[in-house]
Amino acid sequence: MKDIKDIKEIENIERLENEYDLQKASLLERKLRLMIKENPDLKPIRKKIRDLISEYESRKWSDFEKITDSQIEESDKAEEIVDYEQKFIQKRKESIRKKLKEFDMTQQDLGQILGHPKSYMSELINGVSQFTLKDLVIIHRLLGISLKTLIPTYLQSETRDKVRESIDKLNKPKLRLRKTEIA
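If you're wondering where the values come from, they're calculated on a predicted model, not measured in any experiment.

About the cut-offs
- Residues numbered from 1 in each chain as written.
- Predicted model: local features only at pLDDT ≥ 70, side-chain atom pairs only at ≥ 80, totals over all residues.
- Heavy atoms only, no water.
- Helix = DSSP H or I, 4+ residues; strand = E, 2+ residues; numbered from the N terminus.
- Contact = heavy atoms within 4.5 Å.
- Polar contact = N/O pair within 3.5 Å; in protein donor to acceptor, adjacent residues only side chain to side chain.
- Expected span 1.5 Å × (residues − 1).
- pLDDT = per-residue confidence, 0-100.
- Patch = residues over 30% accessible without salt bridge, like charges linked within 9 Å, V, L, I, M, F, W, Y side chains within 5 Å.
- Areas by Shrake-Rupley, 256 points an atom, 1.4 Å probe, with all protein chains shown as cover.
- Salt bridge = Lys/Arg side-chain N within 4 Å of Asp/Glu carboxyl O.
- Buried < 20%, exposed > 50% of the residue type's maximum accessible area, 1.4 Å probe, protein only.
- Lys, Arg positive; Asp, Glu negative; His and termini not counted.
- Axes fitted to C-alpha atoms, helices over the stretch in contact; angles between N-to-C directions.
- Parallel < 35°, antiparallel > 145°, perpendicular 65-115°, else oblique.
- Nonpolar A, V, L, I, M, F, W, Y, C, P; charged D, E, K, R; others polar.
- Core = buried A, V, L, I, M, F, W, Y, C linked by side-chain atoms within 4.5 Å.

Undergrad: What is the right way to look at the environment of Q86 in this model?
TA: Inspection of the secondary structure puts Q86 in helix α3 (residues 69-102). With residues near it in sequence (within four places) discarded, Q86 still touches L27 and K31. Side-chain polar atoms of Q86 contact the side chain of K31, separated by 3.1 Å.

Right, here's the structure in full:
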C-alpha cells in the first residue's frame, strides 16, 4: 500500500499486495472505527479497507497447509515496522498536544493556522492522513518542536530496496543508506 497522503486515496487501492499493506490497513481500520463517531463520512472508507483486508486474508492466509515460514516471518517483520511507525506517530501527537497546551491552543486553532478543517486535523494528528512537509515546518517554527520529532526518517522496505538497487547499479561502494531504528 503506497504512502497515503489523504485517507480519501484509499478508494483508489484495488488490493493489498503484502504483509506490510495488511498491517497498515488493519491499523488504519482500527483508527477509523474510533474516528467514525466524530466523522461519519469515513464509514465508506472503513468499509473499503475492511473489504481489502478480507480479500487479502482469504487469498494469502485461508489455506493453513500452504502457509510458509517465510510468510510468517514477513508478517512478523511487517508488524514490527508498523508498530515502530505507530510509536513515532504517537510521540509526534503527544509533542504537538503538549505544545498546544503550553500555548493555550486547541487542535482546531492549529488547523485554522494550517488551513485545515477540524475533522482533517484529527486525521493528521492521529496519523490517518499525512501532514505535508509545509505543515510540519509551520508546526516546527510555530511551536518549537524538533524536526526530528515531526518528520519520520525511516524508509519503507520497498523504498529502501529501490535505493539500494540504484546504489548497486552506480557501483559506489562508499555510498550506502545509514542505519535507522527499523532493520
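Next comes the rest of the account.
Undergrad: Help me understand α3, please; the structure alone is not making it clear to me.
TA: Owing to its 3.6 residues per turn, the α-helix brings residues three or four apart onto one side. Helix length check: α3 (34 residues) gives 50 Å between terminal C-alpha atoms against 50 Å at 1.5 Å per residue, within 8%. Backbone geometry just after α3 places D104 at a positive phi near 55 degrees.

Undergrad: What's the story with the confidence of the model for the chain in this structure? I'm lost.
TA: Caution applies to low-pLDDT regions: their predicted coordinates should not be interpreted in detail. For the chain, the mean per-residue pLDDT works out to 88, and 93% of the residues sit at or above 70. Of all the helices and strands in the chain, helix α8 (residues 157-170) carries the lowest mean pLDDT, 84, while helix α6 (residues 133-143) carries the highest, 97.

Undergrad: It is not clear to me how a nonpolar patch on the surface should be interpreted in this structure. Could you clarify?
TA: A surface patch of nonpolar side chains, amounting to about 250 Å² of accessible area, comprises L133, V137 and L147. Relative to the helices and strands, V137 is located in helix α6.

Undergrad: Looking at this structure, I do not really get the pattern of salt bridges. What am I missing?
TA: Should the charged atoms of two oppositely charged side chains come close, the side chains can pair. In the structure shown here, the tally under the stated rule is 10 salt bridges. Residue E29 is joined to R50 by a salt bridge in which the shortest nitrogen-to-oxygen separation is 3.9 Å. Note that E29 is positioned in helix α1 (residues 19-35) and R50 in helix α2 (residues 43-60), a separation of 21 residues in sequence. According to the relative accessible area criterion, E29 is buried, its value standing at 11%. Overlapping salt bridges, with partners in common, bring together E29, R46 and R50 in one network.

Undergrad: I would appreciate a short explanation of unusual backbone geometry in the present structure.
TA: Most peptide bonds adopt trans geometry, and most residues besides glycine take a negative phi value. Not every positive phi belongs to a glycine, and D104 is a case in point at roughly 55 degrees. With respect to the helices and strands, D104 occurs in the loop between α3 and α4 (107-114). Residue D104 is classed as exposed on the basis of its relative accessible area, which comes to 71%. Residues other than glycine seldom take positive phi values, yet N171 does so here, at roughly 55 degrees.

Undergrad: It is not clear to me how the side chain of R92 should be interpreted in this structure. Could you clarify?
TA: The residue R92 is located in helix α3 in this model. It is D135 that comes nearest to the buried, bridge-free R92 among opposite-charge side chains, at 9.5 Å. Dropping the residues within four chain positions of it, R92 is found in contact with F131, L136, T149, L150 and P152.

Undergrad: Mind showing me how you'd approach the packing of α4 against helix α5 (residues 118-125) here?
TA: When two helices pack together, their arrangement is given by the angle between their axes and by how far apart the axes lie. In the contact formed by α4 and α5, the axes pass within 9 Å of each other and the chain directions differ by 100 degrees. In terms of their interaxial angle, α4 and α5 are classed as roughly perpendicular. For the pair formed by α4 and α5, the contact residues are Q107, Q108, L110, G111 and L114 on the first element and K118, M121, S122 and I125 on the second. Per-class residue counts for the contact of α4 with α5 are 4 nonpolar, 4 polar and 1 charged.

Undergrad: Teacher, can you tell me more about the nonpolar core here?
TA: Nonpolar side chains tend toward joint burial in soluble globular proteins. Ranked by internal contacts, the top residues of the largest apolar core, which has 17 residues, are I7, L32 and I49. Elements with a minimum of two residues in this core: α1 and α2. When sequence neighbours within four positions are dropped, the list of residues in contact with I49 reads I10, A25, L28, E29 and L32. With 15 residues, the next largest nonpolar core counts L124, I125, L136 and L143 among its residues.

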